[in-house]
Amino acid sequence: MNYLINKDVKNLINLAETNKTAGKLQQAKTFLKKAIKIEPTNKIALNNIANIYKEVKDFDKSIKYYLKCIFSNPLYLVGKINLAILYHEIGKLEDAQKIYKEIIDSDKLNFGIYFKLSDINFDYFTEEIIKFIEFSISTKNVSTYNKAAGYFVLAKAERLKKNFKKEYDFLIKAHKYCYESNTIIYNQSLLYWLDIIPKKFNKMTFTNKTSNELCEKINPIFIIGLPRSGSTLVEGIISSGSIKIENGGETAVINSEIIKANKENIFNNNFETNPLNIDINILSNNILSRYTNLNLLQNDKNYFFTDKSLENFFYIELILKIFPKAKFIHCERDLLDSIFAIYGNFFDKMSWTHSIENILRYIDQYLFIIEYFKKKYPNKIYSIKLKNLTENSLDISKKLFDFCQLNWNKSSLEFYKRKDLISKTASNTQIRKEIYKYDSDKYKVYKEFLKDYKDQYSWVKKIL
């Protein structure tokens, strides 16, 4: 009998995962509830349903199921790690820190957790712990991912000591091991972001476009640009005005649905010379379904929501075909600062961030594409410089709200007081504080590391 029950539970968990991957979160949740009814202590089912509640921003239920998972399965670290990350993302930093330390006590070589903890409290990292990390990376059986995380912690330690050359050397190793941790996926991703989509952004053909009443009503605000450009700050401000509009964060909905619709051909050699064919009706229905599952489409908020998937600058024309009322907030930062703010962070999901060469190439394409669309759709794109926003937040935020056709009030600049604000980005701890003045000198010490690239791109020569 137990065998049959376990088999049924496994099948239900698999069905849930298939539905979750397809963006059908409600269906996935239903299958997991059935699995939990059969086997109430199943660690995978409990963890997975907690993940879904987190995705739809029902944090109380997410925490409840993570705690059930941990209580029923004390040795199952996955649930504990996920709970700590959730606490981290919703700003319960003391709770997150406590669990991170517990995980480290039971898994001394999990340097991915050390890195998470370093984002909250670097005081934990005594000289003894730093030496332990460096020794362990060299002598212990540590995964390539954990080696990458360990080197990011070591780099941060050197930065605090102002040993910038040593920091840079550690960053090179960190990015090398990060890439090696998932080479096949990274290679494919790199091909897409550097060679395929930059050639397709203005070579898309659209078919089967018919009027969609819901799409005509929706007021999405897409925040675009480069990582570490103030996008999390901008999203926090926009979603904290008179109407607390839905904060989507980095949904990746548009990009994932485009890839899904073209997965048979997108990496085909012939695909590079052909236009990207988009069936607007099918794609818009899939995108609407995904946004609905994420609880972003709220009638009582006039269907306003934010999507902070920064790569959407590639898809501006496509997005406007689907959502004619869409607006784009383009976040800008000094390019020298952008380069090293990106390189200094552990973006393990972004293949192009793991070498200076690829960062420069991506930025070069971004600069060209954003200018192309600003000329084509000048009334749809509002550019905002991080420096200006931090130095004149009152006036800039009011202009931002005017562009978005939202009502401004002072609460928009008090986003850091919110208990329901979530951030999965490197800016997580920064948005828990008041806006502070931009430091224009922070990255000037890194200029020397760009000298070999000054003749490759005209804009690099300008910033050196």
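Structural data are supplied above this passage.
Residues numbered from 1 in each chain as written. Predicted model: local features only at pLDDT ≥ 70, side-chain atom pairs only at ≥ 80, totals over all residues. Heavy atoms only, no water.

Caption draft 1: Layout of the pairing of strand β4 (residues 276-279). Every second residue of β4 is oriented toward a common face, the buried set being L276 and I278 and the non-buried set N277 and D279. Note that strand β1 (residues 204-207) and β4 share 4 bridges and pair parallel. Note that in β4 the partner of T207 across the bridge is D279. (Buried < 20%, exposed > 50% of the residue type's maximum accessible area, 1.4 Å probe, protein only. Helix = DSSP H or I, 4+ residues; strand = E, 2+ residues; numbered from the N terminus. Pairing = 2+ DSSP bridges.)

Caption draft 2: Quick peek at the layout of surface pockets. As a volume, the second largest pocket reaches approximately 230 Å³. Residue classes in the lining of the second largest pocket are distributed as 4 nonpolar, 1 polar and 6 charged. (1 Å grid on protein atoms, 1.4 Å probe; cavity = no way out; pocket = protein on both sides within 12 Å on 5 of 7 lines; lining within 4 Å. Points joined across faces, edges and corners; volume = space filled by probe spheres on them. Nonpolar A, V, L, I, M, F, W, Y, C, P; charged D, E, K, R; others polar.)

Caption draft 3: Up close: the packing of helix α14 (residues 253-261) against helix α15 (residues 280-293). For the pair α14 and α15, the least separation of the axes is 10 Å and the interaxial angle reads 140°. Between α14 and α15, the angle is such that the two are oblique. α14 and α15 meet at a crossing whose hand is right-handed. Contacts between α14 and α15 pair V253, I254, S256, E257, I258 and K260 from the former with L283, N286, I287, R290 and Y291 from the latter. Residues that form the contact of α14 with α15 fall into these classes: 6 nonpolar, 2 polar and 3 charged. (Axes fitted to C-alpha atoms, helices over the stretch in contact; angles between N-to-C directions. Parallel < 35°, antiparallel > 145°, perpendicular 65-115°, else oblique. Left-handed = near helix turned anticlockwise from the far one by under 90°. Contact = heavy atoms within 4.5 Å.)

Caption draft 4: Inspection of empty space enclosed by the protein at higher detail. Under the criterion given, the structure shown has 2 cavities of 30 Å³ or more. Surrounding the largest cavity, K209, T210, N212, C215, E216, I280, S284, K321 and I322 form its lining. Of all the elements in the fold, those that place two or more residues in the lining of the largest cavity are α12 (213-217), α15 and α16 (316-322). Across the lining of the largest cavity, the residue classes tally to 3 nonpolar, 3 polar and 3 charged. Here the second largest cavity is characterised by a volume of approximately 40 Å³. Lining the second largest cavity are N219, P220, I221, F304, K325, K327, C404 and Q405. Ranked by the residues each element gives to the lining of the second largest cavity, the list is headed by strand β2 (residues 219-225), at 3 residues. The residue makeup of the lining of the second largest cavity, split by class, is 4 nonpolar, 2 polar and 2 charged.

Caption draft 5: A look at the sheet that holds β2. In spatial order, the strands read β3-β5-β2-β6-β7; together these 5 strands make up an open sheet with parallel pairing. This sheet does not close on itself; its edge strands, each paired only once, are β3 (246-247) and β7 (381-385). Pairing geometry for β2 and strand β6 (residues 327-332), over 5 bridges, is parallel. Looking across to β6, one finds that I223 is bridged to I329. Contacts from helix α13 (residues 231-238) reach β2, β3, β5 (304-307), β6 and β7 within the one sheet, and its direction differs from that of β2 by about 160°.

Caption draft 6: Looking closely at the pattern of salt bridges. Under the definition given, this model contains 22 salt bridges. With a closest N to O distance of 2.9 Å, E89 and K54 form a salt bridge. Of the two residues, E89 is situated in helix α5 (residues 77-89) and K54 in helix α3 (residues 43-55); the sequence distance between them amounts to 35 residues. The same class applies to E89 and to K54, which are both buried. K444 is the salt-bridge partner of D441, the closest N and O atoms lying 2.9 Å from each other. By relative accessible area, which is 49% here, D441 ends up partly exposed. Judged by relative accessible area, K444 falls into the partly exposed class, the value being 44%. Several salt bridges share partner residues, and in doing so they unite K80, K98 and E102 into one network. (Salt bridge = Lys/Arg side-chain N within 4 Å of Asp/Glu carboxyl O.)

Caption draft 7: Spatial organisation of the nonpolar core. Counting 135 residues, the largest nonpolar core has F125, Y291, Y315, I316, F323, I339 and F340 as the members making the most contacts within it. Element by element, the count of residues in this core is highest for helix α18 (residues 356-376), at 9 residues. Those residues in contact with I316 that lie beyond four places of it in its chain are I224, F328, I370, F373, Y377 and I381. In terms of nonpolar packing, the next biggest core, distinct from the first, is built from 24 residues, L233, I237, C331 and Y416 among them. (Core = buried A, V, L, I, M, F, W, Y, C linked by side-chain atoms within 4.5 Å.)

Caption draft 8: Representation of the pairing of β2. Most of β2 sits out of view: 7 of its 7 residues are buried. Every second residue of β2 is oriented toward a common face, with N219, I221, I223 and G225 on one face and P220, F222 and I224 on the other, all of them buried. Relative to β5, β2 is paired through 4 bridges, and the arrangement is parallel. Within β5, the position partnered with P220 by the bridge is F305.

Caption draft 9: Geometry of the packing of aromatic side chains. One pass over the full model with this rule turns up 37 aromatic pairs. Aromatic pair W352 and Y362: ring centres 3.7 Å apart, planes at 5°, arrangement stacked. On the criterion of sequence distance, the pair formed by W352 in the loop between α17 (335-343) and α18 and Y362 in helix α18 is long-range, its members being 10 residues apart. Cluster of aromatic residues (ring-pair linked, three or more members): Y192, W193, F313, F314, Y315, W352, Y362 and Y366. (Phe/Tyr/Trp six-rings, centres within 6.5 Å; stacked < 30°, edge-to-face > 60°.)

Caption draft 10: Structural detail: α3. End to end, α3 covers 18 Å across 13 residues, agreeing with the expected 18 Å (1.5 Å per residue, within 8%). Where α3 begins, the capping side chain belongs to N42, and its oxygen is found 3.1 Å from the backbone nitrogen of I44. Of the residues trailing α3, K57 is marked for its positive phi of about 65°. (Expected span 1.5 Å × (residues − 1). Polar contact = N/O pair within 3.5 Å; in protein donor to acceptor, adjacent residues only side chain to side chain.)

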